Structures are given as structure tokens and as C-alpha cells.
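Observations on chain architecture
Below, each chain spelled out in residue letters.
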Amino acid sequence: MKAHVILFGAGASFGAGDIIPEMPPLGNQLYSRLKHFFPASWGRLPKEMDVIFSADFEKGMGIVYEKYSQVIAPLMKDMAIYLIQLRPYSYESLYDLLVKRLIKLKLLDSFLFSTLNYDCILEFCLLNQNRKISYWNYGTEDSVPVWKLHGSANWFSKDIEASEGVTFTKGVTFEGGLKAHLDTNEVIEKCIVNQGLYPSMCLFMRGKPIQIAPSIIMDQQKKWSETVAAAKTMTCIGINPLPEDSHIWEPIARTKAKLYFIGNKTAFNDWAQEFRGEECIFIESYFNTGFNKLFKEWQNEIKRD
């Protein structure tokens, strides 16, 4: 197991900087971007969904899942196409700087990267540093673990084929293995041409239902919970507490690891006061302003070991 765990949320990618072709959106901005780029899918949802999605993406997705679940697959494939195109530009994003500094300090091997994001910006940054990606284990000498607890835009079923045009509704699941593709063009091609199933991504709604390879995702969440329980430090970057996502926030609340947090201070303090009995430290509200302070905290903690 790894001694130090980082959990990234949408705020980390949003604030990472140096990302093309545009700044990754936060949850409340995602719908407008998807509707803009994909008028034939996201743009064809009933007009009344505009206000709902803009105010609360998870609520909007929940309504689509209940009322229009037959369109979930094309919606999710287009979301994957949008997200897989987000990538670092000049090796100076905060993800790049984080990886480079951990390498310089010879600390990278002691960290487990985990994320709730479907994008692959972090993976592209690691590839920039000639590191391979280990999605489902703790890594090797030349690979780094990146555990994607809600799935990823580049994970496709490798055991089940469904032709384009196949439709399925809520409650339907497809088990089997997964294969990751880190070539953007391959992901886009599989979404558009070769694959009736969408990538293995939890639906961005309350309860985070999983239709593609749910056993793999849930097994990784279980392993992550065990790793968090044994960790020395737990760091949350760009994610606000959501207790109803118990698979994430119960392990964080229970662990005896020192907890560091970058995000909404009020939300964090309210959550910590109610759920967290162990030591926790608020760093800053934003990834860029808290970056150097976080490293100082890590180094001080590791020196004490």
C-alpha cells in the first residue's frame, strides 16, 4: 500500500492551468459546454432541462436517467469525447509541476493518485514525465497508480461488444474486463465508430450508478478505502465534501491519516466538525494558491517519519 493518498476533484483540473483546448469546466459549467459542442445529443434534451442542468448537473442527470434513459449512452459517449481532448499544453500545469516536484524529491513512489474526474489530464502529465499508468494496482518501478474511482473517459469494455445503434435503459449493466486507451484519437474513434457501449464512467448523478463493468469500479473503491485507512496522509484537492457519496467520504472521515484539504473552506469546516474526529488541516481554497503550502506540509510530515 501507499503511505500518502491524493484525491483530485473537478476543482483540481479547473485550476490546474495550461490546459488546452479550453479550461476544464466545473460541474455547474459542464452542461453548457456539452450542449455547445454536441447539439445533436446534449442539445436535443427537452428545453426545460436547461435550467435544471445549469443549476444542478447531478439533478439533471438523475431526471434524464429516470425519464430518458435510452439516450444515456450517446450522451456519455459525447461527454467522453469532450473530456479526452483536455490535455496539458507546455508541461507547466499544476499537475505537471506536482509530478515533477515529487520526482525531484524522490517521493513519487510513496503516493497513490486517485481522482473523481473522468478526464485524463493527470495521466497525460505523467506520460510527459515518461511514467506509465497503473489504473488497477499500486504501480511498478516505472509506473504510477492513478485510481479513477468513478471511472474514466478512456476505459472501454474489452469483453463485450455492442454495435452502434444498440440502446439500453436504466438498470442494465454490462460486466467484464476493461481496457484503457491513452491515445485521444482511439478514444474518439471507439466512441463514434466502433462501440455501442459508452466508456466505463459512473453517471454524474446522485448515487453514481455504474452500467459498464460495475464490479471493477466497486472493487477499486473498496481497495481505495482500505488504502486510505492505512495511509499516513490523505489530501483532497478541488473536491467539496458530499457525505451522501459514502464510498468516498466515510473512508476519509474514518482514517487516522492526517487530512489536508484544498477547496471550499466553509464546506470543509462544516463537514469536518460533523464527521471527522482526527487531525485535519485546511490549506487554501484554490489549487494554485495552496500548491507550495501543501508541499511544505507534506515535507514536514514526511521528515517526522
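Everything below is about the structure shown above.
Notes on the structure follow.

Our next topic: helix α11 (residues 265–275). Restricting attention to buried positions, one finds in α11 the residues Phe268, Trp271 and Ala272. Taken down its axis, α11 places every buried residue within 100 degrees of arc, on the same side. Of the exposed residues in α11, those oriented more than 90 degrees away from the buried face are Thr266, Gln273 and Glu274. In this structure, the buried side of α11 is in contact with α10 (246–254), β10 (258–262) and β11 (280–284). By the N-cap criterion, in which a side-chain oxygen at the helix start approaches the backbone nitrogen of a residue two or three places on, α11 is capped by Asn264, the distance to Thr266 being 3.1 Å.

This part covers the packing of helix α9 (residues 214–230) against α10. Axis separation between α9 and α10 bottoms out at 9 Å; the angle between their running directions is 15 degrees. With respect to their mutual orientation, α9 and α10 come out roughly parallel. In this structure, α9 crosses over α10, and the sense of that crossing is right-handed. For the pair α9 and α10, the contacting residues are Gln221, Trp224, Ser225 and Val228 in the first and His247, Ile248, Pro251, Ile252 and Arg254 in the second. Of the residues in the contact of α9 with α10, the class split is 5 nonpolar, 3 polar and 1 charged.

Further remarks concern the nonpolar core. Ranked by internal contacts, the top residues of the largest apolar core, which has 77 residues, are Phe8, Trp42, Met79 and Phe113. Apart from residues no more than four positions distant in its own chain, Phe113 is found in contact with Ile6, Phe8, Leu98, Val99, Leu102, Leu108, Leu122, Leu126, Val144, Pro145, Val146 and Trp147. Listed in part, the 23 residues of the second largest apolar core include Leu112, Ile252, Leu259 and Phe282.

This paragraph deals with the sheet that holds β11. Reading across the sheet, the 7 strands line up as β5-β6-β4-β1-β9-β10-β11 and stay open at both edges, with parallel pairing between neighbours. Both edges of this open sheet fall to β5 (132–134) and β11, since each of them pairs with a single strand only. Strand-to-strand, the axes of this sheet are offset by a mean angle of 25 degrees, without reference to chain direction. As paired elements, strand β4 (residues 111–115) and strand β6 (residues 143–148) share 3 bridges and run parallel to each other. Counted as the bridge partner of Ser114 is Trp147 from β6. Helix α7 (residues 121–128) rests against β1 (4–8), β4, β5 and β6 of the sheet, and its axis sits at about 180 degrees to β6. In this fold helix α12 (residues 287–304) packs onto β1, β4, β9 (233–237), β10 and β11, with an angle of close to 170 degrees to the strand it touches most, β10.

What follows concerns unusual backbone geometry. That bond from Ile20 to Pro21 is cis: its omega, 5 degrees, falls within 30 degrees of zero. Inspection of the secondary structure puts Pro21 in the loop between β2 (19–20) and α2 (27–37). One non-glycine residue, Asp18, lies in the positive phi region at around 60 degrees. Topologically, Asp18 is positioned in the loop between α1 (10–14) and β2. In this structure, Ala213 is a non-glycine residue whose phi angle is positive, near 55 degrees. One can find Ala213 in the loop between α8 (184–194) and α9.

Our next topic: the packing of helix α4 (residues 57–67) against helix α5 (residues 72–84). At a minimum axis distance of 11 Å, the contact between α4 and α5 shows a crossing angle of 145 degrees. Where α4 abuts α5, its residues Phe57, Met61, Val64 and Tyr65 lie against Ile72, Leu75, Met76 and Met79. Of the residues assigned to the contact of α4 with α5, the class counts are 8 nonpolar, no polar and no charged.

What follows covers the packing of aromatic side chains. Applying the stated rule across the entire model yields 24 aromatic pairs. Judged by centre distance (4.6 Å) and plane angle (5 degrees), the ring pair of Tyr31 and Phe53 falls under stacked. Separated by 22 residues along the polypeptide, Tyr31 in helix α2 and Phe53 in helix α3 (residues 49–55) bring together distant segments of the chain. For the pair Tyr31 and Phe53, a shared accessibility class is recorded, and that class is buried. With a centroid separation of 4.3 Å and 15 degrees between ring planes, the pair formed by Phe261 and Phe268 is classed as stacked. Like Phe261, the residue Phe268 is buried in the burial classification. In this structure, Arg87 is placed above the aromatic ring of Phe124, and the distance from its NZ or CZ to the ring centre is 4.0 Å.

About the thresholds
Residues numbered from 1 in each chain as written. Predicted model: local features only at pLDDT ≥ 70, side-chain atom pairs only at ≥ 80, totals over all residues. Heavy atoms only, no water. Buried < 20%, exposed > 50% of the residue type's maximum accessible area, 1.4 Å probe, protein only. Helix = DSSP H or I, 4+ residues; strand = E, 2+ residues; numbered from the N terminus. Arc of directions from axis to C-beta. Contact = heavy atoms within 4.5 Å. Polar contact = N/O pair within 3.5 Å; in protein donor to acceptor, adjacent residues only side chain to side chain. Axes fitted to C-alpha atoms, helices over the stretch in contact; angles between N-to-C directions. Parallel < 35°, antiparallel > 145°, perpendicular 65-115°, else oblique. Left-handed = near helix turned anticlockwise from the far one by under 90°. Nonpolar A, V, L, I, M, F, W, Y, C, P; charged D, E, K, R; others polar. Core = buried A, V, L, I, M, F, W, Y, C linked by side-chain atoms within 4.5 Å. Pairing = 2+ DSSP bridges. Phe/Tyr/Trp six-rings, centres within 6.5 Å; stacked < 30°, edge-to-face > 60°. Lys NZ or Arg CZ within 6 Å of the ring centre and 35° of its normal.

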